[in-house]
Amino acid sequence: MTDLATYNFAYLDEQTKRMIRRAILKAIAIPGYQVPFASREMPMPYGWGTGGVQVTAAVLGPDDTLKVIDQGADDTTNAVSIRAFFQKVANVRVTTKTAEATIIQTRHRIPEAQLQAGQILVYQVPIPEPLRFLEPRETETRKMHALEEYGLMHVKLYEDIARHGHIATTYAYPVKVEGRYVMDPSPTPKFDNPKMHMSPALQLFGAGREKRIYAVPPHTEVVSLDFEDHPFEIQTFSQPCALCGAKGSYLDEVILDDKGGSMFVCSDTDFCEDRQAKGHRGALAADTAEAAE
Amino acid sequence: MSDTPLLKVRDLSKFYGSRIGCQNVSFELWPGEVLAIVGESGSGKTTLLNCLATRLAPSAGSVEYRMRDGQFRDLYRLSEAERRFLMRTDWGFVHQNPADGLRMTVSAGANVGERLMAIGDRHYGNIRATATDWLGRVEIASDRIDDQPRAFSGGMRQRLQIARNLVTNPRLVFMDEPTGGLDVSVQARLLDLLRGLVSDLGLAAIVVTHDLAVARLLSHRMMVMKDGHIVETGLTDRVLDDPQAPYTQLLVSSILQV
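This is a predicted model, so every value here is computed, not measured. (Residues numbered from 1 in each chain as written. Chains lettered and ligands numbered in written order. Predicted model: local features only at pLDDT ≥ 70, side-chain atom pairs only at ≥ 80, totals over all residues. Heavy atoms only, no water.)

### Focus on helix α6 (residues 154-166) of chain B
Residue and element names in this part refer to chain B.
Item 1. Here α6 contains 13 residues, and its C-alpha end-to-end distance of 19 Å stays within 8% of the 18 Å for a straight helix at 1.5 Å per residue.
Item 2. Across the 13 residues that make up α6, a large majority, 11, are buried.
Item 3. Here α6 has its buried residues at Gly155, Met156, Gln158, Arg159, Leu160, Gln161, Ile162, Ala163, Arg164, Asn165 and Leu166.
Item 4. The inward-facing, buried residues of α6 contact β6 (91-94), α3 (98-101), α4 (108-118), α5 (124-137), β7 (172-176) and α7 (184-201). (Helix = DSSP H or I, 4+ residues; strand = E, 2+ residues; numbered from the N terminus. Expected span 1.5 Å × (residues − 1). Buried < 20%, exposed > 50% of the residue type's maximum accessible area, 1.4 Å probe, protein only. Contact = heavy atoms within 4.5 Å.)

### Describing unusual backbone geometry
All names here are of chain A.
Item 1. For Glu148, which is not a glycine, the phi torsion comes out positive at approximately 60 degrees.
Item 2. Along the chain, the position of Glu148 falls in the loop between α4 (138-146) and α5 (151-164).
Item 3. Among the residues examined, Glu148 registers a relative accessible area of 38% and is labelled partly exposed.
Item 4. In this structure, His219 is a non-glycine residue whose phi angle is positive, near 55 degrees.
Item 5. Considering the arrangement of structural elements, one finds His219 in the loop between β9 (212-216) and β10 (222-224).

### Points about the sheet that holds strand β5 (residues 120-124) of chain A
Residues and elements named next belong to chain A.
Item 1. The strand order β1-β9-β8-β5-β4-β2-β3 describes an open sheet built from seven strands, whose pairing is mixed. Of all strands in the sheet, those with a lone pairing partner are β1 (35-36) and β3 (93-94), marking the two edges.
Item 2. Note: β5 against strand β8 (residues 202-207), five bridges, orientation parallel. Residue pairing across strands places Tyr123 opposite Phe205, the latter belonging to β8.
Item 3. Most of the contacts of helix α2 (residues 50-59) go to β8, to which it runs at about 130 degrees, and overall it touches β2 (65-70), β4 (103-107), β5, β8 and β9.
Item 4. Contacting β2, β3, β4 and β5, helix α3 (residues 77-90) crosses the sheet at an angle of about 160 degrees to β2. (Pairing = 2+ DSSP bridges. Axes fitted to C-alpha atoms, helices over the stretch in contact; angles between N-to-C directions.)

### Quick look at the UniProt feature "domain: ABC transporter" (unreviewed entry) in chain B
Item 1. Look at the UniProt record and you will see "domain: ABC transporter" (unreviewed entry) annotated at residues 7-252 of chain B.
Item 2. Along residues 7-252 of chain B one finds 40% helix and 26% strand; the C-alpha atoms at either end are 28 Å apart. (UniProt positions renumbered as here; feature names shortened; annotations may be inferred.)

Next up, the structure:
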């Protein structure tokens, strides 16, 4: 491939990529701080990952291997179409294997497999402002971030305990980054919050509609907010994955019939398939193996 | 009462273009003292209050406040962070309309607890115990702690707003028509409660009101405003019983006798 051919590599023009990279560099320099950027129109509707796609396009190079996940799965509409998009406009290698990817664009999950140094995790973010539903004024929330006035975030957690007896926020659970900025980790389940802490991978967050980019650099402290007498806890599941038998992974409920039957399977499809390939079997996996024969 | 003032105001003026909001207001407020600012609508009472409470930048003059370390600081030379910290710890502001001072979509307990959480309290049990205690002190039943203020009556909302402001033991409370919009019996109860709280806690307060009865009941000293100027100032009973300025005489004689 000549240099000329890569001039407009990965959909965006060079000036736009330059602008987004500058925003990303600033975001990395100030972990958790929301950097405004001139978000472009993308060939997809808002809410489908316009922010994530722009960040991915800005950091993607010809040598990269891209993985795209949607709710943990590589084979859902959003993941398949974004993967196909970058195959078409950038001709990069794509994969579904977490370990092989250099850039992973994600919606709503962090892969179960431990991320490595050199990998970049790009999150699609619908609403970047963690204080938004408590304080509707943007001028006020910016001031609150600037002055580190985060008492209001605990008001939300207080309300949870008062109403439900425990902190009932299960996704988009607010975190404090490097002891300074309170950040919305995008709508990932709080199960994934501990994975952000001291992660060796670079984590970038892009919100297209809201025009904000923020970042968690590698090896950065990410602490979930809580009360002393109601400490942060992640979700637990009463049964292992029905396909691969994994305990301690995040499970999705799959409805099997209209009589109330359901099964729980890993939401991270790559993790689940990898385990099955290694011979791990869950309670319902034997049936599928027999049917295949 | 201490012999150094809590608040020193010098030549405070606020102009809206060529119109006068308030002009050349000077006074001092001592700890534990309740000062009423009275006057008719449009006389500049609320403008003055907002200038004192740093909610509105004055055009001229200075407001100095004695911080907890005993040092006087000019409020308009404080950094924004210091000012906001002062406003949510050492000060309270009671709005005429409780919806302006409350978070209507979170429970009463969280409304009272917000200031505690803002200054770093991270123990749910303690926050809730303090909130329960304060609801009791403003005569709200403890089983209403998880209800939202929108389920409360006007009088209850106003009492909740007061509890929310007093939970950090402020030294100075600003009140803008605290009894406005309440019916007479509820007003009486609220005034009774406020009078008790102010004397128990040794609060200094600046109360803006157009209701002379409120001034008579709550305040030690009063200032009468007309067209942005202070026309008379003195002990409340003296001003109301022996008004000197012609405008004050008119104001006092305008009270309806039942």
